[in-house]
Structure formats: C-alpha cells, structure tokens
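Each chain is listed here by its residues.
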Amino acid sequence: MNRVTLVLGAILMTVSAGLVGQAYGYANGLERGKLEAAAKHDRDLVTQLSSAIKAGADLAKTANAASQTLRKSVSKFQSQYQPVIKEFNDALSETADGRAGCVFSPSVMQQLNAAQQRAATAASSGLSGSGPGDVPAPTTTTGEPLR
C-alpha cells in the first residue's frame, strides 16, 4: 500500500471515529437531559404531594377540634336539661290518667310551650352557648333557674 492510501485510510478512520463519538455524545447528552427533566418533574410532584398531605393533616386537626367542641356542647346541653326532662316526665306521670282523653294540666302545656321555644331557638342558633340566640338555662315550672 502506498502512503496516500494509508493517509486516506487514517483520515477516514479518524472522521468515522469522530462521527461515532459525536453521535454517542449526543445520545448520551440527550438521555441525561431527559433524566434531569424527569427528576425535576418528580421533585415538583413530591413538593405538591407533600403540600397536599400537610393540608389534609391540618384539615383533620380542624375537624377533630370542631368535633370536640360539638361533643362538649352536646354534653353541656344534656347535663343542663336532664333535670328539666325529669321534671317533665314526673309531671306527665302525675296526669297519666287524664291523658287518655288528651287532657293536659296547664303547667304541662306551659312546659311544652317553653320546650318548643327552646328547641326552636336551639335549631336556629345552635348549642354553642356564646351567641345572642343560645339555648337558655333550664328553669323550673315557676320560671326559676335550676341549680
């Protein structure tokens, strides 16, 4: 072989190696870029999911606090009106014979009316005990507050 052939062969091999190297480098860089883009997307997604989980935990805490407040209000309501309910049942027991003909004593009718008013007030304003339309304290048939 002569020198020209050897030089042309060497140039051809060098150019071929350069093209193969460039193609490999391009493919490698492209793949690396895709991986970096996917990693950024995954980081953003993890950040969003973490925020959603934190918001859900905060909502659960708020719901638990509201539930506790509601339980306390219902418990307070039940304890305050237990004597009134007993008094009402006692009054009904005294007039059981007369109710066969739907005859109620005036004091029972007054208690029924007062109970209806308290129920309407509680239904319209809740049981919180802190607003202007809250459930009034239980009273006896004479209108005095229970102790």
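Look a little higher up for the structure.
Structure report, in brief.

The rules we used
- Residues numbered from 1 in each chain as written.
- Predicted model: local features only at pLDDT ≥ 70, side-chain atom pairs only at ≥ 80, totals over all residues.
- Heavy atoms only, no water.
- Helix = DSSP H or I, 4+ residues; strand = E, 2+ residues; numbered from the N terminus.
- Buried < 20%, exposed > 50% of the residue type's maximum accessible area, 1.4 Å probe, protein only.
- Contact = heavy atoms within 4.5 Å.
- Areas by Shrake-Rupley, 256 points an atom, 1.4 Å probe, with all protein chains shown as cover.
- Salt bridge = Lys/Arg side-chain N within 4 Å of Asp/Glu carboxyl O.
- Expected span 1.5 Å × (residues − 1).
- Bend = angle between axes of the 7 residues up to and from the residue.
- Patch = residues over 30% accessible without salt bridge, like charges linked within 9 Å, V, L, I, M, F, W, Y side chains within 5 Å.
- Phe/Tyr/Trp six-rings, centres within 6.5 Å; stacked < 30°, edge-to-face > 60°.
- Axes fitted to C-alpha atoms, helices over the stretch in contact; angles between N-to-C directions.
- Left-handed = near helix turned anticlockwise from the far one by under 90°.
- Nonpolar A, V, L, I, M, F, W, Y, C, P; charged D, E, K, R; others polar.

## Regarding the overall build of the chain
If you tally the helices and strands in the chain, you get two helices and zero strands. When the 147 residues of the chain are sorted by exposure, 9% land in the buried category. Counting only contacts in the chain whose residues sit at least 6 apart along the sequence, the fraction spanning at least 24 positions is 47%. In the structure as shown, the chain presents an accessible area of about 11,500 Å², 64% of it carried by carbon and sulfur atoms.

## A closer look at the pattern of salt bridges
Taken as a whole and judged by the stated rule, the model has three salt bridges. Lys54 is the partner of Asp58 in a salt bridge, and the nearest nitrogen-oxygen pair spans 3.3 Å. Of the two residues, Asp58 and Lys54 are both situated in helix α1 (residues 3-94); the distance of four residues between them amounts to about one turn of the helix. Using a relative accessible area of 32% as the deciding quantity, one classes Asp58 as partly exposed. Taking the relative accessible area as the measure of exposure, Lys54 reaches 53% and is therefore exposed. A salt bridge links Lys86 to Asp90; its shortest N-O distance comes to 3.0 Å. Of this pair, Lys86 and Asp90 both sit in helix α1, separated by four residues, roughly a single helical turn.

## Let's talk about α1
With 92 residues, α1 ought to run about 136 Å at 1.5 Å a step, and its terminal C-alpha atoms sit 132 Å apart, in line with that. Of all the bends in α1, the greatest reaches close to 40° and is centred on Tyr81; the proline Pro83 follows between one and four positions later. Within the span of α1, buried status applies to Ser73, Tyr81, Val84, Ala91 and Leu92.

## What to know about a nonpolar patch on the surface
A cluster of nonpolar side chains, contributed by Val4, Val7, Leu8, Ile11, Val15 and Leu19, occupies part of the molecular surface with about 570 Å² of accessible area. On the secondary structure map, Val15 appears in helix α1. Residue class for Val15 comes out partly exposed when judged on its relative accessible area of 46%.

## Quick look at the packing of aromatic side chains
For the structure on display, the rule yields one aromatic pair. A centroid spacing of 4.9 Å and a plane angle of 40° characterise the contact between Phe77 and Tyr81, whose relative ring orientation is tilted. Here Phe77 and its partner Tyr81 are both found in helix α1, four residues apart, which amounts to about one turn of the helix.

## So, the packing of α1 against helix α2 (residues 106-125)
Packing of α1 against α2 leaves a shortest axis separation of 10 Å and a crossing angle of 150°. For the element pair α1 and α2, the recorded crossing hand is left-handed. Counting all contacts with α1, which are made through Tyr81, Val84, Glu87, Phe88, Ala91 and Leu92, the residues of α2 involved are Val108, Gln111, Leu112 and Arg118. Considering only residue class, the contact of α1 with α2 consists of seven nonpolar, one polar and two charged.

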